Amino acid sequence: MTPYVLGIDCGNTGIKVALFDLQGREIGALGDKVATFFPAPGFAQCDMAALWTQCATLIRRLLEEWAVKPEQVAAVGCSGHGNGLYLLDHEAMPLLAIKSLDCRANDLVQTIKNQPDYDLIQELNRQGVWPAQSATLLCWLKQYHPETYQSIGSVLFCKDYLNFCLTGEIATEYGDLSASGLYDFSAGEASAVLLTALNIPEMQQAIPEIRECQDVTGRVSREAAALTGLAEGTPVVSGCFDIVACAMGSGVWQSQAASVIAGSWSINQVVSDTLPGRDVFMACHFPGQRYLAVESSATSASNLEWFICEFFKQEKQQAQADNLDFFQQLNALVAETVISDDLPLFHPYLYGGCDNQPVQGNFFGLAGWHQKSDLLYAVYEGIVFGHLEHVGQLRRAGQQIDSAVLSGGAAKSPVWSQLFADVLDVAIQTSDCSEAGARGAAMAAATGAGCFPTLQQAVAAMAKLNPPLFPRSQQQAILHQRYQRYLAVSNALKGLM
């Protein structure tokens, strides 16, 4: 029988499951939208029980629809969005899940930054604090919801929780923990020194054992097998922080290789042999004793999702009724737009700014002759401009970016991918696979199952890229002019807020 590996990729807004063979070919994939609940302004939460049911149902459907026998699945790997919190209580029951779109801790961030030992926090965790960060949210819970804080038995991340549901084992891995603000890079753990500086020393005992992404963390339990259709005892690896999974799944491995992910978050990262300094947003562990220098914020495709829900609802429903690809229709509208300085600008700050300050999104330069398609183009362009803000910071920090691999929703759109090449002024490649994050998790699973001796060999064997898109010089002059105005308006509005 042909062996397959199963990759699960759970983001803030959607969950995907996909089967791959050992050459990296996608055999089949299914996905679904993940509900977000907003119990109060700034809160963004997830129903943990519903998420697991959704995941298990998708796995069962995937195996059934592609007629894959349970014993053909050699191993399972999961990736998930980073930060936020997925908490279990002292009896290992779901307690609370907060997504990384949350901004309830906006005011608390400044309070922490005013502490006398804030420099120590920054030096140890290489990112300081920001609103949806796991460390900051734990500080918020301790201050404003002490009863919940005292009930915390385990601090998990999204993929750790799904691994727990699959296996009953509680563990985490280096990628997620190192990006959470809870990890002391000098100590290689969530140290007492860092947690005491954050005033959450009690959490040291709640942070589980740390493993490498390809390590087998457990095996599919009898209960999980009954729900998913997987064979009981199937190995489940620790899995990956989704930005690591996307980088690997799209073939990024060597140092100085850049990975740009346009998903719920704008992720812009470069693999580095040395620990990045404090002049980038965050450092994150990457396999092979290396690091990612990461610039990111919630300024990417989640903005487009909001715009579609509010302004293209009827068109989306009609496309679904006619069994047409709605995303292709949007791409066609954007492709037909003639780029000029008369078009409005969009700042993709609906969930915070590119510097993770509490700013808000906006359209600027609207006039009576503008149509919905003009606003749609502005959203596409504004999201790319948000990525350029981060790429510029990486470059100023000394990171060399001559080419990049684009993944996430934008990579499925040729017109959007070309806009990335034009604006970032680099050759852009996209993965041949629609689910790079799931494939990265599957690479870790294949390694953990012994299908490859090393993770590097799994990446080399399973990753495939499409031909590059190169910047179009005739478009770049007007885009550069628009970007300068975008920055000027952004800076002015931040002063007002």
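In case you missed it, the structure is sitting above this.
These figures come from a predicted structure and were not determined experimentally.

Caption draft 1: Layout of the overall build of the protein chain. The secondary structure content of the protein chain amounts to 18 helices and 20 strands. Here the C-alpha coordinates of the protein chain stretch approximately 60 × 60 × 40 Å along the principal axes. Of all 497 residues assigned to the protein chain, the portion counted as buried reaches 59%. Long-range contacts, defined here as pairs at least 24 residues apart, represent 71% of the contacts in the protein chain between residues at least 6 apart. Accessible area of the protein chain: about 19000 Å², with a carbon and sulfur share of 51%. Side-chain charges of the protein chain comprise 29 positive and 49 negative groups, with the mean position of each set lying 3 Å from the other.

Caption draft 2: Just the layout of surface pockets, in detail. Counted as a void, the second largest pocket has a volume near 540 Å³. For the second largest pocket, the lining is made up of 30 residues, of which Phe 281, Glu 295, Cys 354, Asp 355 and Gln 393 are closest to its centre. At the level of elements, helix H2 (106-113), helix H3 (118-125), strand S16 (290-297), helix H14 (372-396) and helix H18 (473-496) are the ones that each hand at least two residues to the lining of the second largest pocket. Its residues placed into classes, the lining of the second largest pocket shows 11 nonpolar, 10 polar and nine charged.

Caption draft 3: Structural view of the nonpolar core. In terms of nonpolar packing, the biggest core is built from 49 residues, with Trp 416 and Phe 420 touching the most fellow members. Put simply, the parts of the chain that give this core at least two residues each are strand S13 (258-262), helix H11 (301-311), helix H13 (326-336), strand S17 (345-347), H14, strand S19 (403-408), helix H15 (414-424) and H18. Ranked by the residues each element gives to this core, the list is headed by H14, at 12 residues. Non-local contacts of Phe 420, meaning those with residues more than four positions away in its chain, are made with Val 260, Ala 262, Val 384, His 387, Leu 406, Ala 410, Asp 425 and Ile 428.

Caption draft 4: View of the packing of H11 against helix H12 (residues 313-321). H12 packs onto H11 with a crossing angle of 90 degrees between their chain directions and a minimal axis gap of 5 Å. In terms of orientation, H11 and H12 fall into the roughly perpendicular class. Contact residues: Ile 308, Cys 309 and Phe 311 in H11; Lys 313, Glu 315 and Lys 316 in H12. Residue composition of the contact of H11 with H12, by class: three nonpolar, no polar and three charged.

Caption draft 5: How the structure looks around the sheet that holds S13. Reading across the sheet, the six strands line up as S15-S16-S14-S13-S19-S20 and stay open at both edges, with mixed pairing between neighbours. Only two strands of the sheet have a single neighbouring strand rather than two, namely strand S15 (282-286) and strand S20 (427-430). Neighbour to neighbour, the strand axes of the sheet diverge by 30 degrees on average, direction disregarded. In terms of strand pairing, S19 meets S20 through four bridges, oriented parallel. Across the sheet, residue Ala 404 finds its bridge partner in S20, namely Ile 428. The sheet contacts of helix H10 (residues 242-249) involve S13, strand S14 (266-272), S15, S16 and S19, and relative to S15 the element is tilted by about 60 degrees. Sheet contacts for H14: S13, S14 and S16; angle to S14, the most-contacted strand, approximately 25 degrees.

Caption draft 6: Representation of the side chain of Gln 269. Among the structural elements, Gln 269 can be located in strand S14. Excluding residues that lie within four positions of it along the chain, Gln 269 makes contacts with Ile 243, Ala 247, Ala 257, Ala 258, Ser 259, Ile 261, Leu 292, Ala 293, Val 294 and Leu 394.

Caption draft 7: Representation of the packing of aromatic side chains. Inspection of every chain in the model, using the stated rule, returns 19 aromatic pairs. Considering the side-chain rings of Phe 307 and Phe 363, the 5.9 Å spacing of their centres and the 55 degrees angle between planes classify their relative orientation as tilted. In this pair, Phe 307 sits in helix H11 while Phe 363 sits in strand S18 (residues 362-364), placing the two residues 56 residues apart along the sequence. Under the relative-accessibility criterion, Phe 307 is labelled buried at 0%. With relative accessibility at 22%, the residue Phe 363 sits in the partly exposed group. Each residue in the set Trp 306, Phe 307, Phe 311, Phe 312, Phe 346 and Phe 363 is aromatic and connected to the rest through ring pairs, giving one cluster.

Caption draft 8: Quick look at the environment of Glu 223. Looking at where Glu 223 falls in the secondary structure, it is placed in helix H9 (residues 222-228). The class for Glu 223 is exposed, based on a relative accessible area of 57%. Distance from Glu 223 to Ile 243, taken between C-alpha atoms, is 30 Å for residues 20 residues apart in sequence.

Caption draft 9: Focus on the sheet that holds strand S5 (residues 85-89). Sheet architecture is open: three strands sit in the order S6-S5-S7, paired in antiparallel fashion. Of all strands in the sheet, those bounded by a partner on one side alone are strand S6 (94-98) and strand S7 (152-156). When strand polarity is set aside, the average angle formed by the axes of neighbouring strands in this sheet is 20 degrees. Pairing geometry for S5 and S7, over four bridges, is antiparallel. Within the sheet, the bridge partner assigned to Asp 89 lies in S7 and is Ile 152. Each of S5, S6 and S7 touches helix H4 (residues 134-144); the most contacted strand, S5, lies at about 50 degrees to it.

Caption draft 10: Region of the structure containing empty space enclosed by the protein. Scanning the entire structure with this criterion turns up two cavities of 30 Å³ or more. Volume-wise, the largest cavity comes out at about 40 Å³. Taken together, Asp 160, Asn 163, Glu 169, Ala 171, Thr 172, Thr 217 and Ser 238 make up the lining of the largest cavity. Partitioning the lining of the largest cavity into residue classes produces one nonpolar, four polar and two charged.

Caption draft 11: Broad picture of the packing of H14 against H15. Closest axis-to-axis distance for the H14/H15 pair is 9 Å, and the angle between their directions is 40 degrees. Comparing their axes, H15 and H14 come out oblique. As H14 packs across H15, the resulting crossing turns out to be right-handed. Between H14 and H15, the contacting residues are Tyr 377, Tyr 380, Glu 381, Ile 383, Val 384, Phe 385, His 387, Leu 388, Val 391 and Arg 395 on the first element and Trp 416, Leu 419, Phe 420, Val 423 and Leu 424 on the second. Its residues assigned to classes, the contact of H14 with H15 shows 12 nonpolar, one polar and two charged.

The rules behind these values
Residues numbered from 1 in each chain as written. Predicted model: local features only at pLDDT ≥ 70, side-chain atom pairs only at ≥ 80, totals over all residues. Heavy atoms only, no water. Helix = DSSP H or I, 4+ residues; strand = E, 2+ residues; numbered from the N terminus. Buried < 20%, exposed > 50% of the residue type's maximum accessible area, 1.4 Å probe, protein only. Contact = heavy atoms within 4.5 Å. Areas by Shrake-Rupley, 256 points an atom, 1.4 Å probe, with all protein chains shown as cover. Lys, Arg positive; Asp, Glu negative; His and termini not counted. Charge placed at Lys NZ, Arg CZ, Asp CG, Glu CD. 1 Å grid on protein atoms, 1.4 Å probe; cavity = no way out; pocket = protein on both sides within 12 Å on 5 of 7 lines; lining within 4 Å. Points joined across faces, edges and corners; volume = space filled by probe spheres on them. Nonpolar A, V, L, I, M, F, W, Y, C, P; charged D, E, K, R; others polar. Core = buried A, V, L, I, M, F, W, Y, C linked by side-chain atoms within 4.5 Å. Axes fitted to C-alpha atoms, helices over the stretch in contact; angles between N-to-C directions. Parallel < 35°, antiparallel > 145°, perpendicular 65-115°, else oblique. Pairing = 2+ DSSP bridges. Phe/Tyr/Trp six-rings, centres within 6.5 Å; stacked < 30°, edge-to-face > 60°. Left-handed = near helix turned anticlockwise from the far one by under 90°.

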